[in-house]
Amino acid sequence: QRNAEKRSDNGVTFLTPYSQPDPQKPNNTLTIVGNPSLAEVKVMMIGIRNRTNNTKAGEVWINELRLSDFDEKGGWAAQGNLYVALSDIATINVSGRKETAGFGALDQSLLQRRNDDLTSINLALNVDVGRFLPRQSQIKAPLYYSYPSQSVAAQYDPLNQDILLSESLRQMDHQSERDSLLNIATTIQTSKNISISNAKIDIKSKNPMPYDPANFTCGYSYSQNHYRNPETEYDNNINQQIQAAYSYTPRINPLEPFKNIKSNSGWLKLIKSLNFNYLPNNLQISSGMMRNYQEAQLRDLNAYMSGISESNT
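Note that the structure is a prediction, hence the values are computed from the model and not measured. (Residues numbered from 1 in each chain as written. Predicted model: local features only at pLDDT ≥ 70, side-chain atom pairs only at ≥ 80, totals over all residues. Heavy atoms only, no water.)

Visitor: Before we go on, may I ask you to explain the packing of aromatic side chains in this structure?
Guide: Under the criterion given, the structure shown has one aromatic pair. Between F216 and Y246, the aromatic rings sit 4.8 Å apart at their centres with planes inclined by 50°, giving tilted as the arrangement. With F216 in strand β11 (residues 216–228) and Y246 in strand β12 (residues 232–248), this pair connects stretches of sequence that are 30 residues apart. Exposure remark for Y246: the relative accessible area of 15% places this residue in the buried category. (Phe/Tyr/Trp six-rings, centres within 6.5 Å; stacked < 30°, edge-to-face > 60°. Helix = DSSP H or I, 4+ residues; strand = E, 2+ residues; numbered from the N terminus. Buried < 20%, exposed > 50% of the residue type's maximum accessible area, 1.4 Å probe, protein only.)

Visitor: Teacher, can you tell me more about the confidence of the model for the protein chain here?
Guide: Low pLDDT means the predicted atomic positions in that stretch should not be read closely. This prediction gives the protein chain a mean pLDDT of 86; 94% of its residues lie at or above 70. Here residues 308–313 scores under 50 on pLDDT; set against residues more than four positions off or in separate chains, the count is 14 contacts. (pLDDT = per-residue confidence, 0-100. Contact = heavy atoms within 4.5 Å.)

Visitor: Quick question: what am I supposed to make of the pattern of salt bridges here?
Guide: Between side chains of opposite charge, a pair can form when the charged atoms approach closely. Under the criterion given, the structure shown has five salt bridges. Residue E99 pairs with R114 through a salt bridge whose shortest N-O separation is 3.1 Å. Placement of E99 in strand β4 (residues 90–99) and of R114 in the loop between β4 and β5 (116–128) is noted, with a sequence separation of 15 residues between them. Here R114 falls in the partly exposed class, since its relative accessible area comes to 25%. The closest approach of N and O atoms between D116 and R114, which form a salt bridge, is 2.7 Å. A cluster of three or more residues bridged by salt bridges with shared partners is formed by R97, E99, R114 and D116. (Salt bridge = Lys/Arg side-chain N within 4 Å of Asp/Glu carboxyl O.)

Visitor: So what exactly am I meant to see when it comes to the pairing of β4 here?
Guide: In summary, the side chains of a regular strand alternate between the two faces of the sheet. Across 10 bridges, the pairing between strand β3 (residues 77–86) and β4 is antiparallel. Paired with V84 across the two strands is I92, which belongs to β4. With antiparallel pairing between neighbouring strands as the criterion, β3 and β4 make up a hairpin whose turn holds three residues, including S87 at a positive phi of roughly 50°. As paired elements, β4 and β5 share 10 bridges and run antiparallel to each other. When the sheet's bridge partners are listed, E99 is paired in β5 with L118. (Pairing = 2+ DSSP bridges.)

Take a look at the structure:
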């Protein structure tokens, strides 16, 4: 009730005491200041107030103060996996998982079970793009793409952790406020990855030559990560990398200047086996460029708690 009247701009704030009679016992009054949460209670105090001018004497006993009525509502979970192999051209792997609030193992206590809804989807694709081009081009370009996504919807209002999110949404009069709270209460983590590794034109001579197209390879990778939660409006991370390489392995016969020695005795046998390469066994040149970009924005929760509507991200 206090939060609803606070949004109505009736002069109600977190800093002023807000009082209402107890619905079950009208003679009692309930007062709240600030934004307390049962999830973070560490100390509880009970006081006795004398509202008369007379001195009172008495004895007060408080026995077996405890929590009761655990919410034992269970949840459910399901997962599925799909693997498709298209000959030796491509493979596709799709998996999904869903867990609702209250789900947990049989040996887990109530506090260890989920208190949010989890939705997870993963897609992975491996394909040789060169197989879709004319065979005469002899292009090889292995492509990898993945898209993992995970969404966690809170069961409780992250700004009022002892109030159900559904109850907070019912108290709001405008759809824009509901959308803003849903945006804050949902933790989303997504990633997009695409890469082409060791792409080349596989054309080479019978006797490898330095100018063969197969000596040249290149690659490119791109990854984008997005994350948001009740405290972070967005956290984006983008990585890009491009590579190029040249590798040449000549096929040459080594020089054996002493192979015509007819004797195989003693040191002459060792000298006869000596050989020399007049060219390098392998020549490699590679170059790469990398670009990293990261941007993060924390939420202004104080502004939201003060009644300022937050734009939907």
